[in-house]
Each structure stands twice: as C-alpha cells, then as structure tokens.
Amino acid sequence: MEVVITEDVDAVAGRAADIVVALLRSRPGAVLGVATGSTPLPTYLELGRRVAAGEVSFERCRAFLLDEYIGLPPDHPECYANVVRRRFADVVGLPPHHVAGPDVWAPDLSAACAAYEDAIVSAGGIDLQLLGIGADGHIGFNEPGSSLASLTRPTTLTSVTRGANAHRFGSIDDVPRHAVTQGVATIGRARHVLLLATGAHKSSIVAAAVEGPITAMVPASALQLHPHVTVVVDEAAASRLSLADYYREIEAAGPAWRPA
Ligand code: PGA
C-alpha cells in the first residue's frame, strides 16, 4: 500500500487528480470506477479545471458507479447516477452514456447485479477505482461484516452510514435503508485503487484500514491484500497512522527503483 500524506484537502485533490490525469494520458479510453460522497468532490473539481486548461480529456473514458440506493425514483437528485452526472461527468466532460450503474429498478435485482459484474468485465475491467471510506470502515456500501469475497449485491445500510448521509435528504428517516454496491472483491479486481480520506473524523478508521488487521469488521482493510493501492490523506486524516513518518520518508525519497 502506498500512503501519501498531503497537507490539506486541496493537496489531496491535486494528488488524486495527478493520478487520474496520468492514467488518461497513457490510456485515453481508461475505465474509471467513480465514488460519491463528499471526499472526492474537490478532486472532481480539480479534474474539471484540468480539462478546462486542456491538460486532459474524458471524452473516451468510461465509468462505473460504485453503488446506488435502492428505492429512490430514477430522477431523484440523490440517486447516485444523478449525483455522479452532476458532480463528475458534467464537470469533466464525460459523455453521460459512458457512465454505467447497477439497475436497481430491475424486477430481478440478483440478475441485475450479475449483469453489472458482467458489464464491468466486458469493458475490460476497471483501471482505476476511486474510493472514499465511511466512518464505519465501509468501501462502497460494503458495511462491517460484509464478506471480503463479496461481489455486486443488494445490502442494508448501517445507521452510521444513514446518519452520515442524512443531511443530503433532510432527515435520516428519508435515507434509503438499502443499496446495491460493488462487492469488496469487485473493488479488489480494479487494477489500481485510489482511496481518499480527509479530516480528523476519518483518522481512526484510516489507521484501522491501513495498519489494523484485515477483517470484515473494517471492509476497507481488505485493500491491504491488493497489489496496487494508493491512499491519499491529509494531515488530519493521517494523524493516527503509526507509520506516518515512514510514509513521509518513502514519499521524500522517491521510488525505490529510481537510481541514486
Ligand atoms: P464521505 O463518504 O466522503 O461523504 O465522507 C465516504 C463514504 O461513505 O464512502
């Protein structure tokens, strides 16, 4: 796991945008996995600025949603398909028909989940999966106790997650109780995973995910088994990492394969 500690929210966005831009320059038709939540929003805005500056284009790229609520009407503003269109695709100029999500309105949800897995495979797999991390350790909507071998499936949200998202709905009672999420193993199939976390309120769970035991109680800890994960955090979110100084040394020294 590569852990990059940056100063603040803007620096996290800058570093994350660097990674996305580098991928799209080498692979303009790359397949992205996109996350909702507050954490990636500054990164999406930074990517929009880089598109406006002519540094990169998303016209050929494709994207898959990480998760989607069950039970909202398709035109609801908090449907993740709509959130991703507003906050990401429109901002970076990604054609709307290049963004796919699980069909949570299908009469046969299991078949829709399997079809979503197939669609990701048919697209060649996800090159870069962006992730936030929930205060309860979830990635996507893989809540504590999720099988670390799970694939895309319907799941039930914890009250921690529903509480964290209540401000977007006005009240916790209006936050859906269920969602379809890419599974922990689905996320693990992405070639590169980019996990972002900012703020002191994420410091304990970041430490648990990065340095704690691999456990279904902290689904993000499964990323320790992945060969290519970059965790980009600000100083506040890094404040409980016991190896923080070592991560800084690694960053300052540059890649180990660079000649002296
Ligand atoms: P947040 O959500 O970015 O709004 O903190 C993260 C998540 O739940 O994955």
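The rules behind these values
Residues numbered from 1 in each chain as written. Predicted model: local features only at pLDDT ≥ 70, side-chain atom pairs only at ≥ 80, totals over all residues. Heavy atoms only, no water. Near = heavy atom within 4 Å. Polar contact = N/O pair within 3.5 Å; in protein donor to acceptor, adjacent residues only side chain to side chain. Areas by Shrake-Rupley, 256 points an atom, 1.4 Å probe, with all protein chains shown as cover. Nonpolar A, V, L, I, M, F, W, Y, C, P; charged D, E, K, R; others polar. Salt bridge = Lys/Arg side-chain N within 4 Å of Asp/Glu carboxyl O. Helix = DSSP H or I, 4+ residues; strand = E, 2+ residues; numbered from the N terminus. Buried < 20%, exposed > 50% of the residue type's maximum accessible area, 1.4 Å probe, protein only. Contact = heavy atoms within 4.5 Å. Pairing = 2+ DSSP bridges. Right-handed = clockwise from strand over helix to strand, strands pointing away. Axes fitted to C-alpha atoms, helices over the stretch in contact; angles between N-to-C directions.

Asker: Before we move on, could you go through the site of the ligand and cite the residues and values that matter?
Answerer: Every residue close to the ligand is listed here: Gly37, Ser38, Thr39, Gly132, Ile133, Gly134, His138, Arg168 and Lys202. The side chain of threonine 39 places a nitrogen or oxygen atom 2.4 Å from an oxygen atom of the ligand. Here lysine 202 contributes a side-chain N or O atom positioned 2.6 Å from an oxygen atom of the ligand. For the ligand, the protein covers 79% of the area, taking 280 Å² as the surface of the free molecule. The class makeup of the residues in the shell around the ligand is one nonpolar, six polar and two charged.

Asker: Give a detailed account of the pattern of salt bridges, specifying residues and quantitative values.
Answerer: Counted by the stated rule, this structure contains nine salt bridges. Residues arginine 191 and aspartate 127 are paired through a salt bridge, measuring 2.9 Å at the closest nitrogen-oxygen approach. With a gap of 64 residues between them, arginine 191 in the loop between α6 (184-188) and β9 (192-197) and aspartate 127 in the loop between α4 (109-122) and β6 (128-131) connect regions that are remote in the sequence. The class of arginine 191 is partly exposed, set by a relative accessible area of 41%. Connected through salt bridges with shared partners, the residues Asp18, Glu46, Arg49 and Arg50 form a single ionic network.

Asker: How would you sum up helix α7 (residues 203-211)? Please name residues and give values.
Answerer: An α-helical turn contains 3.6 residues, so a residue and the one three or four places further along point in the same direction. Taken together, the buried positions of α7 are Ser203, Ile205, Val206, Ala207, Ala209 and Val210. Of the surrounding elements, those touching the buried residues of α7 are β1 (2-6), β9, β10 (229-234), α8 (235-238) and α9 (244-253).

Asker: Report on the pairing of β9, specifying residues and quantitative values.
Answerer: With respect to burial, β9 is a largely interior element, six of its six residues being buried. Of the two faces of β9, the one holding His192, Leu194 and Leu196 and the one holding Val193, Leu195 and Ala197 are both buried throughout. Two strands pair when backbone bridges link them, and β6 and β9 are joined in this way by four bridges, in the parallel orientation. Note on β9: the bridge partner recorded for leucine 130 is leucine 194. The pairing of β9 with β10 spans five bridges and is parallel. By the bridge assignment, alanine 197 is partnered in β10 with valine 233. Where the polypeptide runs from β9 across α7 and back to β10, its parallel neighbour, the crossover connection is right-handed.

Asker: Account for the pairing of strand β2 (residues 31-34), naming residues and giving values.
Answerer: Burial along β2 is two-sided: Val31 and Gly33 and Leu32 and Val34, pointing in opposite directions, are all buried. In terms of handedness, the path from β2 via helix α2 (residues 41-52) over to strand β3 (residues 62-65) forms a crossover that is right-handed.

Asker: Tell me about the sheet that holds strand β4 (residues 67-69), residues and numbers included.
Answerer: If you walk across this open sheet you meet the three strands as β4-β8-β7, and the pairing is antiparallel. Because the sheet does not close on itself, it has two edges, and the strands there are β4 and β7 (153-156). Sheet twist, expressed as the mean angle between neighbouring strand axes with direction ignored, is 30 degrees. Direction of pairing for β7 relative to strand β8 (residues 178-181): antiparallel, over a ladder of four bridges. Of the residues in β8, the one forming a bridge with threonine 155 is alanine 179.

By themselves, these figures tell us nothing about what the structure is for.
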